[in-house]
Amino acid sequence: MTFLNFLINGISLGSIYAIIALGYTMVYGIAKMLNFAHGDVIMVGAYICFYAITRFSLPPLVGVVLAMIVCTMLGIVVERLAYKPLRSAPSLAVLITAIGVSYFLQNAALLLWSSNPKVFPSFFVLESCGAAKTGVELFGGQLKISYVTIVTIAACVVIMLALTWFTGRTRLGKAMRACSEDKGAAQLMGINVNGTISMTFAIGSGLAAIAGVLLCSAYPTLVPTTGSMPGIKAFTAAVFGGIGSIPGALLGGLLLGVIEIFAKAYISTQLSDAVVFAVLIVVLLVKPAGLLGKQIREKV
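Every chain begins its residue count from 1, and numbering advances along the sequence as written. Where totals are concerned, whole chains, interfaces and linings use all residues; where local detail is concerned, this predicted model gives features only for residues with pLDDT of at least 70, and gives and counts side-chain atom pairs only at 80 or more. Derived side-chain values reflect all non-hydrogen atoms in the structure, with water molecules and hydrogen atoms excluded from consideration.

Enquirer: Break down the pairing of strand β5 (residues 143-146) for me, citing the residues and quoting the values.
Expert: Side chains Leu143 and Ile145 of β5 all project onto a buried face; the interleaved residues Lys144 and Ser146 project onto a face where none is buried. When strand β4 (residues 135-138) meets β5, the two strands line up antiparallel, connected through 4 bridges. Across the sheet, the residue bridging to glutamate 137 is lysine 144, located in β5. Between β4 and β5, which pair antiparallel one after the other, the connecting turn spans 4 residues, and phenylalanine 139 there sits at a positive phi close to 55°. Each residue's exposure class comes from its accessible area (1.4 Å probe, protein chains only) as a fraction of the maximum for that residue type: buried when under 20%, exposed when over 50%, partly exposed otherwise. In this text, helices come from DSSP runs of H or I with a minimum length of four residues, and strands from runs of E with a minimum of two, each type numbered from the N-terminal end. Should DSSP find at least two bridges between two strands, the strands are taken to pair.

Right, here's the structure in full:
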């Protein structure tokens, strides 16, 4: 039962990483850019939801929707101001710009919301027989699954299925795949490449808001640097599964979450991050493109 508890917690954490990794993998797959400010969009979404619930007394669902709207608009603005002028620039310039945007968002959060930690409200609670329940207990209480865990895993599955359908069936999704293959040819076929890339940033940022709310619901301390480490780990998950692949983001996120939880439980809480990145190094040595990534040969 202890093993199952750890496994379920790992899948829950991995589901959050997978949702965040989608933003990285979609932007890289289409725009060939690494948006390292993505982790800080998570933090912004969590703050918006926090203040919507605590200060304005809005229902939790409304707070999540508001956070998604704000983060979607933020993703579009960041793409237009910071990344669009660098479409033809070297990758190093894009990387430095992404780091600058990340620090800008963190310091803006410090000015707006201060550095004092906020305790994120727990709204995954049900009233039963006059008592508040935060989860379900199975096998006589030996296996406990929180409602946050159930909602997180369900949200991850729904988002992955919806994105797979969206990219494969809708007009915009097909335009995204065309831009991913060849932007020049896509533009010649009448596809608005700039609009497609902006929409990709918007979708990734909206999903980041959901991930931020789920992350702070499971680990309820909110500070301006909340999204930094989860963002780095989600990028690791995207590379682990094969960056540019939506199923790869899911697989990489789940494996990363499970490895991290088991490393904390059976090895050391201090060494868990080292174990995670060591596994990544081993996987990339064997499969440089990631578990589900495709090796692309360049013509010279």
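Enquirer: Give a description of the nonpolar core that names residues and reports values.
Expert: Each nonpolar core is a collection of buried residues, namely Ala, Val, Leu, Ile, Met, Phe, Trp, Tyr and Cys, held together in the definition by side-chain atoms within 4.5 Å. Counting 79 residues, the largest nonpolar core has Leu22 and Tyr83 as its most contacted members. Sort the elements by how many residues they give to this core and helix α1 (residues 2-31) lands first, with 13 residues.

Enquirer: Before we move on, can you summarise empty space enclosed by the protein with the specific residues and values?
Expert: Of the grid points, spaced at 1 Å and generated over the protein atoms alone, those admitting a 1.4 Å probe that cannot get out make up cavities, while open sets with protein on both sides within 12 Å along at least five of seven lines make up pockets; any residue with an atom within 4 Å of a point is treated as lining. Grid points are joined across faces, edges and corners, and a volume is the space filled by probe spheres set on the points. Scanning the model with the defined rule gives 1 cavity of 30 Å³ or more in all. Considered as a void within the structure, the largest cavity measures approximately 40 Å³ in volume. If you go around the largest cavity, the residues you meet are Gly23, Val27, Asn35, His38, Phe201, Gly204 and Ser205. If you list the elements that add at least two residues to the lining of the largest cavity, you get α1 and α8 (193-218). Here the element with the most residues in the lining of the largest cavity is α8; it accounts for 3 residues.

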